[in-house]
Structure formats: C-alpha cells, structure tokens
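Summary of the model geometry
Chain by chain, the residues run as shown.
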Amino acid sequence: MATRTTREVPTSRVAELIAGEEEKFRRARPRSKKLWTEAREVLPRGVPSSFQDAAPQPVFMERGHGSRVWDVDGNEYVDFHNGFGVMVVGHAHPKIVEAVSRQIGLGSHFAQPVEDGVIVARELARRFLQPKWRFTNSGTESTLDAVRIARGFTGRERLIKIEASYHGHHDALMVSVEPPPDLMGAADAPASVPQSEGIPAAIVELTTVVPFNNLPALEKTLAHHRGEVAAIIVEPAMMNLGIVLPDAGYLAAIKEMAHSHGALLIFDEVKTGVTISPGGATERFGVTPDLVALAKAIGGGLPCGAVGGRDDVMGVIESKRVAQMGTFNGNPLTMAASKVTLLEILNASAYSHFDALAETLQGGLDETIAEHELPCHVITLSARGGVTYRASRVRNYRDYLETDKALAYLSWLYQCNRGVIMAPGAEENWTLSVQHSVEDVQHYVDNFAEMAKDLRS
Ligand SMILES: Cc1ncc(COP(=O)(O)O)c(C=O)c1O
C-alpha cells in the first residue's frame, strides 16, 4: 500500500452523524422493531443466532431476488451481506431454484449416499487439490471434524490457533476469538481466553494461541510444546477482522514449520473457499494444507460443509480410527444445490465478473479515500472485500484493535439507510454475487462518497 496523507476524523462529528442515521434507520423499520420485540419473548436476544443481533436492531427479512433483498418494512437493498458470505450465487438463482425444486419433488432426505455427492466431492478435490472428502452441515462442523481427524492422525491433542481467528462455535476453537485487552496477554505470546462461559478450562488449556503473520512466535510455541501439537489451524486470509492478508511466504513457512514438528496444517476456508478464487486460498496463495474446512458458499444457500484432506490423513476415517458422521451429511437437496453451484454457476466467467466488480469497488473507494484523506483502506479479493477503518494495513489482532469501530458503524448505517445492506460489525466485509451488476457496486461507492463528504463538511 502506498503511503498516503490521512487526517483524523473528529469523533464528535462521527457521533453526531451516527445519532442522525440511527434515528433515520429506526423510523424506516417499525415492523422489524415489532417483530424483534415479539421475538424476544421466545428467542434470547430476539434472534436465532447471536450474530444476528446487531445495533441498532436486527433487520427482519422477507425475500431476496438476484442481487437484492427486501425487509419486512418494504425497504429494498443491494445485498452486500449475502448471508455472511454464503450467497455468491445471488438470491433465487434460476439454476438453484430448478435443481432444488426438482430434488424436493424426488425426496428431500434419505440419509443414504446420492450420486450428486460423488460429483461434488470430485469437484472439490479438483479445486482444492485434496483427494478425499466428507460432508458436514456448517463451518463449525467442518473445523470440528478437521481437528478431530488431525488429533486422530497424529495421536496428539494440542492445537495452535491464531489470535482472533473464528472457526465456528465448538469448544476447542472458541478460544481468543475476540479476547478483551485486559485478558489477552502479550502481543507475541497471547493468552488462551475462552470466548464464552460454558467452555471447560481443560479444553481451553489444549489450545495455544499465536499472533497472525508472526513466524518467530510460532516457532517458539512449537518448540515449547515439542511433540504435543496435532495441528495449526488458520484462516489463510483472516476474514473475521475485516480482511487480514498473510505476509508473502507466511503460509508456506507455517506449513513447513508444522511438518518439521510432526503437526498438520489446517486451512479454514469457510469464508475464502470458492469466493476468492475457484480453489479458494489454496489456489490464490499457492499453498496446499493437509486438511481444509469448507462451508458457506459451496452450498448455493443450503446448509452445508465439507472437510477435505490428504489420502493418508483422511485414512483415519477409512480405518474407523476417527468417527465422522451426521444425519444430514450429503443431504440430497444440499448436494443438488452444491453441484449446480460448483459446476454450472461458479465457472470461469463468474470469477472474471467478481474481479471486474472488485476493480470498480477498489478504484471508486480508493479515489474517495484519497480525496477526503480518510484514515481507512480497501482490500478486495474477487467476491470478497471490505473497507478497514485504519490508515495502514492490519497484520494481526493487535493492529485490528486500533480500527475505528465508530466510523465502521457509521458506514454500516449510511449504507443500510441508502439501500445497501452489509453484514454488521467492524470485523465484517462484503460478499458479491454473480447476480450483482456494476450499478449495484457503484451504489456502495456512491454511498461511501456521501459519507466521506458529510464527515468533512
Ligand atoms: C472462517 C470461519 N470458519 C468457520 C465458521 C463457522 O461457520 P458456521 O457459522 O457455518 O458454523 C465461520 C463463520 O462465519 C467462519 O467465518
């Protein structure tokens, strides 16, 4: 990133604009407010997943079509949220509607293998260079299985994870996901902090945390726990802290370090898989791990997941040393949607389309940021991207803590009040779909320019 001039944005101006935008937001969403109030009688925090409870209030949705979604108050949005990175096919894609409708007429669940599952596994093998696959129903299940397979294969129990990476909500990896500053420990030797109550200390103790993009800290940790580490698990490009790119050579180096200590490398490609290139981070960064966890975009909008790996590593399932199972694994509806997604929708022209949209976003946003000397920057990776509200690049969690959360929230409100819905939270980023147009992404750029102008006026 070239050095640029930036000027601070006065916090008082940000607060003033937030107050006005929150008021506008609430005025336009009375029905969402009513449903949320009713929901709280039966759903804790009024939502089915705590991630869906975001300030100022959740937005209840009614329908989606193409690049757009409509909420229960009739507000229309260009969808940059895309279901937390799932809907790269866009909403109600005719091919998905056709495939799922056809399959549901033939039966929606058997808990027996179906032919589409073989086709999907072959395509994943081709894209991710992993010969063997099993299906799951979510990213959480995929990383849970990857961890168990790694532990079974190596006969070791300790895991190394990156500070602030999110790998789903199972106990082993709900450690130091967003540790509070008073508990997080030293930057080069972070503490293992449970993300929630209800996680046994004995499990937390088995997960050692290291900073992203820091090879000496990793080497020291591996040496300290010599002979104990089953796997290092990473989001190869972190996507739950805005977007944090790996330093050049980092992924190849951690693979080598893991192997030299008899440990495996797991890529959590739940967000990067099939979105940042056909073969995800594995292809984009040219490093093939020992195990890869997928979910989200591979299922075309149905609940899905997959774990893939080396022949010998996945051999622990073959030999029944490790259990991997689930009633809905390889469900026929999911497999029908996944087959069409991977073989017919996410083809070479889809990725060229994502790249063209990313270029429009990057160019337009960079121009506004430079013009208004804003302390933020843009990262785009094909269908994924986002604005990070810090002038210089974020390399790890400690850098991320310096991002301007108020400005990120203001930007979310500006977009939402002007017809673009984003996933909430400073740590989130956008997901594009094959059904987004240049006009759709220009809408985001224009809203951002309006915010920049208002911030400086
Ligand atoms: C990198 C990563 N891994 C795993 C998960 C968990 O996936 P799921 O919510 O499908 O369980 C997420 C969810 O956002 C994620 O971002």
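Residues numbered from 1 in each chain as written. Predicted model: local features only at pLDDT ≥ 70, side-chain atom pairs only at ≥ 80, totals over all residues.

1. Section: the overall build of the protein chain
Heads up, the condition is: Helix and strand assignments come from DSSP, with helices taken as H or I runs of at least 4 residues and strands as E runs of at least 2, each series counted from the N terminus. We compute the radius of gyration from the C-alpha atoms alone; for a globule the expected value is 2.2 Å times N to the 0.38, where N is the number of residues. Whether two residues are in contact depends on their C-beta atoms, placed from the backbone: they are in contact if these lie within 7 Å.
For the protein chain, the count of helices and strands is 16 helices and 16 strands. Expected size for 457 residues packed as a compact globule is a radius of gyration near 23 Å; at 22 Å, the protein chain falls within 12% of this value. Projecting the C-alpha coordinates of the protein chain onto the three principal axes gives extents of approximately 65 × 55 × 45 Å. Considering only contacts in the protein chain between residues 6 or more positions apart, those separated by 24 or more positions represent 73%.

2. Quick notes on the environment of Glu-402
Structurally, Glu-402 is set in the loop between helix H14 (397-400) and helix H15 (405-417). Along the chain, Glu-402 and His-91 lie 311 residues apart, while their C-alpha atoms are 35 Å from each other.

3. Observations concerning the environment of Ala-406
We apply this condition: To sort residues by exposure, count the other C-beta atoms lying within 10 Å of each residue's C-beta; 20 or more gives buried, 12 or fewer gives exposed, and values between give partly exposed, all with C-beta atoms placed from the backbone.
Position of Ala-406 relative to the elements: it lies in helix H15. The exposure class assigned to Ala-406 is partly exposed, which follows from the 16 C-beta atoms found within 10 Å. Residues Ala-406 and Thr-11, 395 residues apart in the sequence, show an inter-C-alpha distance of 8.2 Å. If we ignore the near neighbours within four places in the chain, the residues touching Ala-406 are Thr-11, Val-14 and Ile-18.

4. Description of the site of the ligand
Put simply, the test is: Whether a residue is near a molecule or strand depends on its C-beta atom, placed from the backbone, lying within 6 Å of it. Lys, Arg, Asp and Glu make up the charged group, whereas Ala, Val, Leu, Ile, Met, Phe, Trp, Tyr, Cys and Pro make up the nonpolar group; the residues left over, Gly among them, are polar.
Around the ligand, the surrounding shell holds 14 residues, and the nearest of these are Ser-138, Gly-139, Thr-140, Gly-168 and Val-270. Ranked by residue count, the leading element in the shell around the ligand is helix H6 (residues 139-154), at three residues. Along the lines of polarity and charge, the residues of the shell around the ligand split into four nonpolar, seven polar and three charged.

5. A word on the packing of H15 against helix H16 (residues 438-456)
The condition is simple: Every axis in this analysis is a line fitted to C-alpha atoms, fitted for helices over the stretch in contact. Angles between the N-to-C directions lie between 0 and 180 degrees. Should an angle lie under 35 degrees it is considered roughly parallel, over 145 roughly antiparallel, and from 65 to 115 roughly perpendicular; all remaining angles are considered oblique. By the definition used in this description, the sense in which the near helix is turned from the far one sets the handedness, with an anticlockwise turn below a right angle giving left-handed and a clockwise turn giving right-handed.
Between H15 and H16, the shortest axis-to-axis distance is 9 Å and the interhelical angle comes to 125 degrees. By the angle class used here, H15 and H16 are oblique. As H15 runs across H16, the sense of the crossing is right-handed. Within the contact between the two elements, H15 uses Leu-410, Ser-411, Tyr-414 and Gln-415 and H16 uses Tyr-444, Asn-447, Phe-448, Glu-450 and Met-451. When the residues that make up the contact of H15 with H16 are grouped by side-chain class, the tally is five nonpolar, three polar and one charged.

6. Notes on unusual backbone geometry
Omega for the peptide link from Ala-55 to Pro-56 comes to -5 degrees, which places this bond in the cis form. Its location among the elements puts Pro-56 in the loop between helix H2 (30-39) and strand S1 (61-65). Here the phi dihedral of Asn-213 falls at roughly 60 degrees; this positive angle occurs in a residue that is not glycine. Here Asn-213 lies in the loop between strand S8 (207-210) and helix H8 (215-224). Overall, the presence of 19 C-beta atoms within 10 Å leaves Asn-213 in the partly exposed class. The phi dihedral of Glu-373 is positive, around 50 degrees, even though this residue is not glycine. You can see Glu-373 is positioned in the loop between helix H13 (348-372) and strand S13 (377-381).

7. Quick look at the domain arrangement of the protein chain
Rules: For the purposes of this description, domain bounds are those given by an automatic or database domain assignment.
Here the protein chain is partitioned into domain 1 (11-79 + 347-456) and domain 2 (94-345). Measuring from the centre of the C-alpha atoms in domain 1 to the corresponding centre in domain 2 gives 26 Å. Every contact between the two is made by 23 residues of domain 1 and, on the other side, 22 residues of domain 2. Those elements that place two or more of their residues in the side of domain 1 that touches domain 2 are H13, S13, strand S14 (384-388) and H14. Counting residues per element, the side of domain 1 that touches domain 2 draws most heavily on S14, which supplies four residues. Grouping the constituent residues of the side of domain 1 that touches domain 2 by class yields 10 nonpolar, nine polar and four charged.

8. Overview of the nonpolar core
Applied cut-off: One nonpolar core equals one set of buried Ala, Val, Leu, Ile, Met, Phe, Trp, Tyr and Cys residues connected by C-beta atoms within 7 Å.
In terms of nonpolar packing, the biggest core is built from 132 residues, with Ala-150, Ala-231, Leu-264 and Ile-266 touching the most fellow members. Among the domains, domain 1 (11-79 + 347-456) and domain 2 (94-345) are the pair contributing at least three residues each to this core. Setting aside anything within four residues of it in sequence, one finds Ala-231 in contact with Val-147, Ala-150, Leu-159, Ala-263, Leu-264, Leu-265 and Ile-266.

9. A look at the packing of helix H5 (residues 115-128) against helix H12 (residues 332-345)
The contact between H5 and H12 brings their axes to 9 Å, and the two run at 40 degrees. In terms of axis orientation, H5 runs oblique to H12. Seen from above, H5 lies across H12 with left-handed handedness. Contacts from Asp-116, Gly-117, Ile-119, Val-120 and Glu-123 in H5 reach Pro-332, Met-335, Ala-336, Ser-338, Lys-339, Leu-342 and Leu-343 in H12. Across the contact of H5 with H12, the residue classes break down as seven nonpolar, two polar and three charged.

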